[in-house]
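# Coordinates in review
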Amino acid sequence: MNFRQIRDFNFSKQVCTGILSLFLYGVISITLVLGFVPPAFALDYNKEILIEADFSGRDLSDSSFTKANLKQSNFSKSNLRGVSFFAANLESVDFTGADLTNATLDSARLIKANLTNAVLEGAFAASARFEGAIIDGADFTDVLLRDDEQKKLCQVAKGINPVTKRDTRETLMCP
C-alpha cells in the first residue's frame, strides 16, 4: 500500500465513523424527544408500598406484586399478562383497558377498583374481593371466582369488551 491508498483508507474510515456517530446521535435524540420508555420485564415488587404509583401503559408481563400495597395506583392500558397480585391491596386501582390475562388475583382486595374494558381471561381470582368494583366491558372469560363474588359482579355487569368483543355478563356466566 502506498501513502495515497493509506490516506484514502483513513479518510473513508473517518467518514464511516462520522456517519455512524450521526446516526446514533439521531436515534438517541428521537428516543428522548418521543419519550420512549423501555418496557419493564418480570420485575419484583413483592411487599412494596406503592400507593398512588403510575404504571400506566407499561409492559409489566410476568412481574410480581405479591402482598404489595398498590392503593389508588394506575395500571390503565398496561400489559399485565401473567402478573401476580396475590394478596395485594388493589383498592381504588385503575385497571382501565389493562390486559390481565392469566394474572393471579387470588386473595387480592379489588375494592372500588376500576376494571372498565379490562381483559381478565384465565385469571385466578378464587379468593379475590371485588366490592364496589367497576367492571363495565370487562372480560371475565375462564376466570376462577368464588360463587358469592360472581353473584355480586353479575348484579353490576354490563357492556362489551372492545378488544375481545365479549359481553361482560356472558363472560361471568350470569343467569
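Whatever comes next refers back to the structure up there.
Thresholds, definitions, all that
Residues numbered from 1 in each chain as written. Predicted model: local features only at pLDDT ≥ 70, side-chain atom pairs only at ≥ 80, totals over all residues. Heavy atoms only, no water. Salt bridge = Lys/Arg side-chain N within 4 Å of Asp/Glu carboxyl O. Helix = DSSP H or I, 4+ residues; strand = E, 2+ residues; numbered from the N terminus. Buried < 20%, exposed > 50% of the residue type's maximum accessible area, 1.4 Å probe, protein only. Disulfide = S-S within 2.5 Å. Contact = heavy atoms within 4.5 Å.

Turning to the pattern of salt bridges, a few remarks are in order. Overall, the coordinates contain nine salt bridges when judged by the stated rule. For the salt bridge of Arg 109 with Glu 91, the shortest nitrogen-to-oxygen distance reads 3.6 Å. Taken together, the residues Arg 109 in the loop between helix H1 (3–34) and strand S1 (124–125) and Glu 91 in the loop between H1 and S1 connect sequence positions 18 residues apart. We classify Arg 109 as partly exposed; its relative accessible area is 29%. Glu 149 serves as the salt-bridge partner of Arg 146, at 3.6 Å between the closest nitrogen and oxygen.

A complete count under the given rule lists one disulfide for this structure. The disulfide that involves Cys 154 links it to Cys 174, with 2.0 Å between the sulfurs. Linking Cys 154 and Cys 174, the disulfide has an S-S dihedral of approximately -95° and is accordingly described as left-handed. Remark: Cys 174 occurs in the segment after helix H3 (168–171) and Cys 154 occurs in helix H2 (residues 147–156); sequence separation between them is 20 residues.

Before going further, it helps to spend a moment on the environment of Ala 138. Looking at the element boundaries, Ala 138 is found in the loop between S1 and strand S2 (144–145). Once the C-alpha coordinates of Ala 138 and Val 163 are considered, the two residues, 25 residues apart in sequence, prove to be 9.7 Å apart. Each residue touching Ala 138, except ones within four places of it in the same chain, is listed here: Leu 115, Asn 117, Ala 118, Leu 120, Asn 161, Thr 168 and Thr 171.

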